[in-house]
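Residues per chain, in single letters:
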Amino acid sequence: MNQNIPLAEKLRPKTLDDVLGQEHLTGEKGTIRKMMQNNSLNSLIFWGPPGTGKTTLAEIISENSGRKFYKLSAVSSGVKDVRDVIEDAKKQNLFSGKSPILFIDEIHRFNKSQQDSLLHAVEKGWIVLIGATTENPSFEVVSALLSRSQVYILKALTYEKLEELIAIASERYNQDENTAFRIAEKEAFIQYSGGDARKLINSVELVLNQFKNSGKTEIRNEDVLEVLQETMALYDKNGEQHYDIISAFIKSMRGSDPNGAVYWLARMLAGGEDIKFIARRMLILASEDIGLANPNALVIANSCFQAINVIGNPEARIILSETAVYLAVSPKSNSTYMAINDALALVKKTGNLPVPLHLRNAPTKLMKDLDYGKEYKYAHSYEGNFIDQDFLPVEIKDAKLYEPGNNATEKKINEELRKKWNDKY
């Protein structure tokens with residue numbers, strides 16, 4: 001009777017204990033488990049790669065809470081669909097006293113007006129919103145909706161978890177189909193899936209179906225490739241190549257190779273990659289890998305991001321190409337990237353050190369009487385707008401976090417710092 005149900009659907013976890021790979025959310029100390037145990041459900045957004053369990057967690061939460069569950073896909077739904085659900089949810093509230101759950105898959109595909117249509121219902125408590133997205137919510141979800149939701153990050157499944165999933169899928173297939181397949185090699189399945197659990201299970205089912213009446217029982221990598229090679233896309237923007245090619249793109253620019261940069265850019269554009277995703281990654285690279293060696297790089301990358309939102313395809317390719325080449329040929333420095341990482345590590349190690357008195361704000365008479373800000377020296381009152389004084393907590397007053405890079409711009413910065421601070425830089 002279950003012959004028409006896909007294997008991936010049969011294996012969809014029904015409890016948190018069945019979920020693979022999200023222990024930080026579903027484990028004994030996981031935030032989702034605690035939320036369910038305390039029956040404290042607020043609007044939330046699941047952010048993570050495809051096939052990591054976003055929909056599954058939403059359904060488990062709904063089942064556990066006993067709330068009515070509505071499901072919409074942002075790809076095929078509009079404002080009218082959202083309003084219809086909200087009206088029905090308001091009626092459900094009157095009878096059950098519990099706000100229904102509205103799950104929106106790929107919420108990043110909703111435009112601003114569509115997302116705004118959810119705000120009032122979330123604020124009034126008519127619905128509990130659960131959104132799922134593969135894109136950074138900071139960029140793709142309107143700030144008003146984001147501020148009313150808790151974001152939970154789902155991690156890509158590890159190689160070991162994918163191996164475990166293959167074993168589970170093949171065992172269930174053998175049980176349902178009365179077969180005796182043994183998957184001797186798993187690498188091809190895992191490579192093809194790109195870390196997507198659903199895609200992995202579907203590929204296991206497809207391959208085993210292909211060999212079900214062949215007399216073969218042992219499945220090896222070449223068998224998997226024989227079946228799947230014709231269905232492999234040139235560029236799967238939701239799968240492994242999505243991450244491999246963006247990695248090659250970033251590394252080409254970091255490595256100062258404009259040829260590599262425009263080639264991998266072309267691969268992404270030809271495959272239909274989201275141009276905003278590409279532009280965002282160049283924004284990050286401009287700060288992380290170029291930084292103060294060429295501060296204009298961040299300005300150029302930000303202008304690119306703004307411009308492609310106005311222009312769109314196909315002309316956006318020209319702006320993206322110009323920016324990619326500019327970033328590739330720019331001098332490189334990760335000094336500020338390293339500085340903030342070292343500073344965060346120092347904060348974690350030393351805790352909440354007190355702010356030195358001379359740096360504290362003194363808005364009241366009591367604070368002034370306690371010498372808040374008393375010894376502070378106003379830099380503009382001194383020659384060259386500089387006076388030697390300490391700006392770090394006394395416990396770490398000699399810490400050096402910013403190390404100027406070896407490039408023309410930062411060499412000048414280093415010279416100025418040495419003139420001012422002598423032995424500190």
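These numbers were taken from a predicted model, which means no experiment stands behind them.

Visitor: I keep staring at unusual backbone geometry and nothing clicks. Help me out?
Guide: Excluding glycine, residues mostly have negative phi values, and the peptide bonds linking residues are mostly trans. Geometrically, the link from Asn313 to Pro314 is a cis peptide bond, its omega value of 5° lying close to zero. Examined against the element boundaries, Pro314 turns out to sit in the loop between helix H16 (296-311) and helix H17 (316-329). For Asn178, which is not glycine, the phi dihedral falls at a positive 55°. Relative to the helices and strands, Asn178 resides in the loop between helix H9 (159-177) and strand E6 (182-183). Unusually for a residue other than glycine, Ser256 sits at a positive phi of about 65°. Secondary-structure assignment places Ser256 in the loop between helix H13 (240-254) and helix H14 (258-270).

Visitor: Help me out: how do you make sense of the pairing of strand E2 (residues 69-73) in this one?
Guide: Regular strands have side chains that alternate between both faces of the sheet. The alternating pattern of E2 places Tyr70 and Leu72 on a buried face and Phe69, Lys71 and Ser73 on a face that is not buried. Direction of pairing for E2 relative to strand E3 (residues 101-105): parallel, over a ladder of five bridges. In the strand pairing of E3, Tyr70 is matched with Leu102.

Visitor: Mind showing me how you'd approach a nonpolar patch on the surface here?
Guide: Side chains of Tyr376, Tyr378 and Phe391 sit close together on the surface and give an oily, nonpolar patch of about 340 Å² of accessible area. Residue position: Tyr376 is located in the loop between helix H19 (365-369) and helix H20 (408-421). Note on Tyr376: relative accessible area 39%, which makes it partly exposed.

Visitor: What exactly am I supposed to notice about the sheet that holds strand E4 (residues 128-133) here?
Guide: Two strands in a sheet stick together by hydrogen bonds in their backbones, pointing the same way (parallel) or opposite ways (antiparallel). Here we have five strands laid out as an open sheet, ordered E2-E3-E4-E1-E5, and parallel in their pairing. Both edges of this open sheet fall to E2 and strand E5 (150-153), since each of them pairs with a single strand only. This sheet shows a mean twist of 20° between the axes of neighbouring strands, independent of strand direction. Each of strand E1 (44-47), E2, E3 and E4 touches helix H4 (residues 54-65); the most contacted strand, E3, lies at about 175° to it.

Visitor: It is not clear to me how the pattern of salt bridges should be interpreted in this structure. Could you clarify?
Guide: The final tally for this structure, using the stated rule, is 23 salt bridges. The closest approach of N and O atoms between Glu140 and Arg280, which form a salt bridge, is 2.9 Å. Taken together, the residues Glu140 in helix H7 (residues 137-140) and Arg280 in helix H15 (residues 275-290) connect sequence positions 140 residues apart. Judged by relative accessible area, which is 10%, Glu140 ranks as buried. One salt-bridge network, held together by shared partners, links Glu135, Glu140, Lys276 and Arg280.

Visitor: I tried to follow the packing of aromatic side chains on my own but got confused; where do I start?
Guide: Working definition: an aromatic ring pair is given by the centre-to-centre distance plus the angle between the planes. Scanning the model with the defined rule gives six aromatic pairs in all. For the pair Phe46 and Tyr152, a centre-to-centre distance of 6.3 Å together with 45° between the ring planes defines the contact as tilted. Highlighted residues: Phe46 in strand E1 and Tyr152 in strand E5, separated in sequence by 106 residues. The same class applies to Phe46 and to Tyr152, which are both buried. Between the aromatic rings of Phe386 and Trp421, the centroid separation amounts to 5.0 Å while the plane-to-plane angle is 85°, which identifies the pairing as edge-to-face. Here Phe386 is found in the loop between H19 and H20, whereas its partner Trp421 is found in helix H20, with 35 residues between them in sequence. Judged by relative accessible area, which is 21%, Phe386 ranks as partly exposed. For Trp421, a relative accessible area of 13% translates into the label buried. One cation-aromatic arrangement involves Lys90 over Trp126; the distance from NZ or CZ to the ring centre is 4.3 Å. Lys216 extends its terminal NZ or CZ atom over the ring of Phe211, reaching a point 5.8 Å from the ring centre.

Visitor: When you look at the packing of H15 against H16 in this model, what are you seeing that I'm missing?
Guide: The relative placement of two packed helices comes down to the angle between their axes together with the axis-to-axis distance. Running from N to C, H15 and H16 point in directions that differ by 170°, and their axes come no closer than 8 Å. Taken as axis vectors, H15 and H16 run roughly antiparallel relative to one another. Together, Ile275, Lys276, Ala279, Arg280, Met282, Leu283, Ala286, Ser287 and Ile290 of H15 and Ala297, Leu298, Ala301, Asn302, Cys304, Phe305, Ile308 and Asn309 of H16 make up the contact between the two elements. Among the residues forming the contact of H15 with H16, the class breakdown is twelve nonpolar, three polar and two charged.

Visitor: I keep staring at helix H18 (residues 335-350) and nothing clicks. Help me out?
Guide: Each full turn of the α-helix corresponds to 3.6 residues, which orients residues three or four apart in the same direction. Between its first and last C-alpha, H18 extends 22 Å over 16 residues, near the 22 Å set by a 1.5 Å rise per residue. What H18 keeps buried is the set Ser335, Ala339, Ala343 and Leu346. One face of H18 carries all of its buried residues, which in axial projection span an arc of 70°. Residues of H18 that are exposed and point more than 90 degrees away from the buried face comprise Leu344 and Lys348. Those residues of H18 that are buried lie in contact with H20. Backbone geometry just after H18 places Gly351 at a positive phi near 75°.

Visitor: Teacher, can you tell me more about the confidence of the model for the protein here?
Guide: Note: predicted coordinates in regions of low pLDDT should not be interpreted at a detailed level. Mean pLDDT for the protein: 88, with 95% of residues reaching 70 or above. Predicted confidence is poor over residues 230-234, with pLDDT under 50, and the contacts of this stretch with residues over four places away or in other chains come to six contacts.

Visitor: Sorry, what's going on with the side chain of Thr26 here?
Guide: Checked against the element boundaries, Thr26 lands in helix H2 (residues 23-26). Among the residues examined, Thr26 registers a relative accessible area of 4% and is labelled buried. Here Thr26 is in contact with Leu16, Val19, Arg33 and Leu57, once residues within four sequence places are set aside.

Rules used throughout
- Residue positions are counted from 1 within each chain, in the order its sequence is given.
- Restriction of local features to residues with pLDDT of at least 70 applies here, the model being predicted, together with a cutoff of 80 or more for giving and counting side-chain atom pairs; totals for whole chains, interfaces and linings are based on all residues.
- Side-chain numbers here rest on the full set of heavy atoms in the structure, without hydrogens or water.
- Only DSSP runs of H or I covering at least 4 residues are called helices, and only runs of E covering at least 2 are called strands; the numbering of each starts at the N terminus.
- Each residue is placed in one exposure class: buried if its accessible area under a 1.4 Å probe, protein chains only, is under 20% of its type's maximum, exposed if it is over 50%, and partly exposed if it falls in between.
- Pairing between two strands requires that DSSP report at least two bridges joining them.
- Without a salt bridge and with relative accessible area above 30%, a residue can belong to a patch; like charges are then joined within 9 Å and nonpolar side chains (Val, Leu, Ile, Met, Phe, Trp, Tyr) within 5 Å.
- Areas reported here follow the Shrake-Rupley algorithm with a probe of radius 1.4 Å; residue values treat only the protein chains shown as occluding.
- By convention in these notes, a salt bridge is any Lys or Arg side-chain nitrogen within 4 Å of a carboxyl oxygen on Asp or Glu.
- Every angle, taken between N-to-C directions, lies between 0 and 180 degrees, and every axis is a line fitted to C-alpha atoms, over only the stretch in contact when it is a helix.
- Here a residue-residue contact requires only that any non-hydrogen atoms of the pair lie within 4.5 Å.
- Note on aromatic contacts: the rings of Phe and Tyr and the six-membered ring of Trp form a pair at centre separations within 6.5 Å, being stacked when their planes are under 30 degrees apart, edge-to-face when over 60 apart, and tilted otherwise.
- Cation placement over rings: the criterion is NZ of Lys or CZ of Arg within 6 Å of the ring centroid and within 35° of the ring normal.
- Relative orientations are named as follows: roughly parallel for angles under 35 degrees, roughly antiparallel for angles over 145 degrees, roughly perpendicular for angles from 65 to 115 degrees, and oblique for any other angle.
- Only Asp, Glu, Lys and Arg are considered charged, only Ala, Val, Leu, Ile, Met, Phe, Trp, Tyr, Cys and Pro nonpolar, and every remaining residue, Gly among them, polar.
- One less than the residue count of a helix, multiplied by 1.5 Å, gives the span that helix is expected to have.
- Comment: arc refers to directions from the helix axis out to C-beta atoms.
- For every residue, the predictor assigns a confidence score, pLDDT, that lies between 0 and 100.

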